[in-house]
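# Residue-level structural notes
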Number of protein chains: 2
Amino acid sequence: MSRAEQKERTRRAIINAAFSQLSADKSFASLSLREVAREAGIAPTSFYRHFADMDELGLTLVDEAGLMLRQLMRQARQRIEKNGSVIRTSVETFMEFVIGNSNVFRLLLRERSGTSAAFRSAVAREIQHFVAELAEYLRKETTCPDELARAQAEAMVTLVFHTGADALDAPSSQYAYLTSRTITQLRWLAHGAASYGRKPKEQGTL
Amino acid sequence: MSRAEQKERTRRAIINAAFSQLSADKSFASLSLREVAREAGIAPTSFYRHFADMDELGLTLVDEAGLMLRQLMRQARQRIEKNGSVIRTSVETFMEFVIGNSNVFRLLLRERSGTSAAFRSAVAREIQHFVAELAEYLRKETTCPDELARAQAEAMVTLVFHTGADALDAPSSQYAYLTSRTITQLRWLAHGAASYGRKPKEQGTL
DNA sequence: AGAATGAGCGAACAGTTGTAAGCTAAACGG
DNA sequence: CCGTTTAGCTTACAACTGTTCGCTCATTCT
């Protein structure tokens, strides 16, 4: 086996070990280099042949998670074409991702407000892809001015993301409710933005 | 000085030490019992005279944070009575809280998705107060059915909370933008829910 | 006054952590 | 084919962690 090939192999072993140790009660911050190395089947010091420190590993994990997120977007687009209901399809696709890859989603969720500024901005960047893409769609499909399309997209992504977080702690019997609730919320937003978008001034007590 | 009084005093010293060590790069999980005890001016072992372990301290901190949140709600209600604009006043009040008590807000933000189930549900409970109160208001002021009032309140709290999180990493020059963006989002929701609330069926491609 | 309570302390222990130094052996490049 | 490179190892160290034990001594209760 080629040397580079073998190196890539144990690099993946490290990454996989790290992902597999993430759970509801174990965040990336609470992983230890030694534990990861142990599960990857290498000596602790060999870790340094692949990453300068745990932070570098963490950024790699966030990148991989972001990659999966982008694949998810593609998948959602395909489904929408064959399905029609944009909001319902998007929310359902996202929920399936959260349930099926809860460790990955949890990583993003936690590091978004974690203790490392580098992690936070890495996660923020990945989420911005989501927002930008959705905003572009809204600009095309609706008469929304650019700035407001972005604000609308941000609100929608925020709500969907938050529902994903709820789902992590909810029993699976709640998934259907969470999904439909979020769909309703997004429809409100879309409807409100469409009919209310061009009136930034005060009106009424709300 | 009475014994109970002195005990309460060092208990507060511990709590204050813990709060003061929280920061952008230091979460509760990364605090150590010894460090907290050091800053509180007691021996590490004396910590156990007040808390069974760090988790118990953490739950206390979350409770205190929740208390501050409820005080905030009262303050917001007073302001609204003298001001009129419900949404604007609420968002501005909340943002002031986040800026002025960033460590407290960060605690809630992080532990909401942290590694301890007990912490997560404690934070969720505090936030539910917010939601319940807002939902009650919406039921009174609008024609929204109960279930939808709750969904609307949840969406609003989610958006405001998320904006608070954004503010933590944003330069203060961005505060005004974040505030007005959120106000717009909440108005969309209110408007959409009002005119769209009783149509749960599919319609259009959105 | 005398006994009991309990907050606080110091010393000590067993674990864990990250990381440095130096070696081995296999794959590589000339 | 021989020298170089390098992934991986073992050993070692210093720093920290949470927690137990037994003691002191001021406050409290009787």
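Because the structure is a prediction, the values reported are computed rather than measured.

## Here's the deal with the domain arrangement of chain A
Residues and elements named next belong to chain A. Segmenting chain A into domains produces domain 1 (1–51) and domain 2 (54–196). Relative placement of domain 1 and domain 2: their C-alpha centres are 28 Å apart. Tallying the contact residues gives 21 residues for domain 1 and 14 residues for domain 2. Counting the surface lost from both domain 1 and domain 2, the interface buries some 1400 Å², and carbon and sulfur atoms represent 70% of this. Ranking the residues of domain 1 by area buried against domain 2 places Phe19, Phe28 and Phe51 at the top, with a combined share of 46%. Inspection of the domain 1/domain 2 interface yields 1 salt bridge. A salt bridge links Glu64 to Arg12; the shortest N-O distance between them is 3.1 Å. Remark: the boundary between domain 1 and domain 2 carries 5 residue pairs in polar contact (both at pLDDT 80 or more).

## Quick word on the UniProt feature "domain: HTH tetR-type" (unreviewed entry) in chain A
The UniProt entry lists residues 8–69 of chain A under the feature "domain: HTH tetR-type" (unreviewed entry), expressed in the numbering used here. Along residues 8–69 of chain A, the helical share is 61% and the strand share 0%, with 23 Å between the first and last C-alpha atoms.

## Some points on the protein's contact with DNA strand D
The full set close to DNA strand D counts 21 residues, and A:Arg3, A:Ala43, A:Arg49, A:His50 and B:Arg34 are the nearest of them. For DNA strand D, the backbone portion of the atoms within 4 Å of the protein, that is sugar and phosphate, comes to 49%. In this structure, A:Thr45 approaches DNA strand D through a side-chain N or O atom, which is 2.8 Å from a base oxygen. Here a phosphate oxygen of DNA strand D sits 2.8 Å away from a polar atom, N or O, in the side chain of B:Tyr48. When residues of the surface near DNA strand D are traced back to their parent elements, those giving at least two are α1 (3–21) of chain A together with α2 (33–40) of chain B. Here the residues of the surface near DNA strand D sort into 4 nonpolar, 9 polar and 8 charged.

## Some words on the protein's contact with DNA strand C
Neighbouring DNA strand C are 21 residues; A:Arg34, B:Arg3, B:Ala43, B:Arg49 and B:His50 lie closest to it. The contact atoms of DNA strand C, taken as those within 4 Å of the protein, divide so that sugar and phosphate hold 51%. Contacts to DNA strand C include A:Ser32, whose side-chain N or O atom sits 2.9 Å from a phosphate oxygen. With respect to DNA strand C, the backbone of A:Leu33 contributes an N or O atom lying 2.8 Å from a phosphate oxygen. Only α2 (33–40) of chain A together with α1 (3–21) of chain B provide two or more residues apiece to the surface near DNA strand C.

## Quick word on helix α5 (residues 102–111) of chain B
Count 3.6 residues to each turn of an α-helix, and residues three or four apart come out pointing the same way. Most of α5(B) is tucked away: 8 of the 10 residues are buried. B:Val104, B:Phe105, B:Arg106, B:Leu107, B:Leu108, B:Leu109, B:Arg110 and B:Glu111 are the residues of α5(B) that are buried. Buried residues along α5(B) sit in contact with α6 (117–141) of chain A together with α1, α3 (54–81), α4 (86–100), α6 (117–141) and α7 (146–169) of chain B.

## What to know about the packing of aromatic side chains
Within this structure, the stated rule accounts for 16 aromatic pairs over all chains. Residues A:Phe28 and A:Phe119 carry aromatic rings whose centres are separated by 5.6 Å and whose planes lie at 45° to one another, so their mutual orientation is tilted. Here A:Phe119 lies in helix α6 and A:Phe28 lies in the loop between α1 and α2, a separation of 91 residues in the sequence. Note on A:Phe28: relative accessible area 7%, which makes it buried. Relative to B:Phe105, the ring of B:Phe94 lies with its centre 5.8 Å away and its plane at 85°, an arrangement referred to as edge-to-face. Here B:Phe94 is found in helix α4, whereas its partner B:Phe105 is found in helix α5, with 11 residues between them in sequence. Three or more aromatic residues joined by ring pairs make a cluster, and in this case those are A:Phe94, A:Phe97, A:Phe105, A:Phe130 and A:Phe161.

## What about the interface of chain A and chain B?
Interface extent is often summarised as the accessible area lost during association of the parts. Listed per partner, the contact involves 45 residues of chain A and 45 residues of chain B. Where chain A abuts chain B, roughly 4200 Å² becomes buried across the two surfaces, and 57% of that area is made up of carbon and sulfur atoms. On inspection of chain A and its partner chain B, the count reaches 4 salt bridges. The interface formed by chain A and chain B contains 16 residue pairs in polar contact (both at pLDDT 80 or more). Where the side of chain A that touches chain B is concerned, the elements lending two or more residues are α4 (86–100), α5 (102–111), α7 (146–169) and α8 (175–196) of chain A.

## Here's the deal with the relation of the copies chain A and chain B
Of the two same-sequence chains, chain A is brought onto chain B (RMSD 0.0 Å, axial shift 0.0 Å) by a rotation of 180°. The symmetry that links the two subunits is that of a two-fold axis. The C-alpha atom lying nearest the rotation axis in chain A is that of A:Gly192; the distance is 1.9 Å.

Definitions and cut-offs
- Residues numbered from 1 in each chain as written.
- Chains lettered and ligands numbered in written order.
- Predicted model: local features only at pLDDT ≥ 70, side-chain atom pairs only at ≥ 80, totals over all residues.
- Heavy atoms only, no water.
- Domains from an automatic or database assignment.
- Contact = heavy atoms within 4.5 Å.
- Buried area = accessible area lost by both parts, 1.4 Å probe.
- Salt bridge = Lys/Arg side-chain N within 4 Å of Asp/Glu carboxyl O.
- Polar contact = N/O pair within 3.5 Å; in protein donor to acceptor, adjacent residues only side chain to side chain.
- UniProt positions renumbered as here; feature names shortened; annotations may be inferred.
- Helix = DSSP H or I, 4+ residues; strand = E, 2+ residues; numbered from the N terminus.
- Near = heavy atom within 4 Å.
- Nonpolar A, V, L, I, M, F, W, Y, C, P; charged D, E, K, R; others polar.
- Buried < 20%, exposed > 50% of the residue type's maximum accessible area, 1.4 Å probe, protein only.
- Phe/Tyr/Trp six-rings, centres within 6.5 Å; stacked < 30°, edge-to-face > 60°.
- Least-squares fit on C-alpha atoms with pLDDT ≥ 70 in both.

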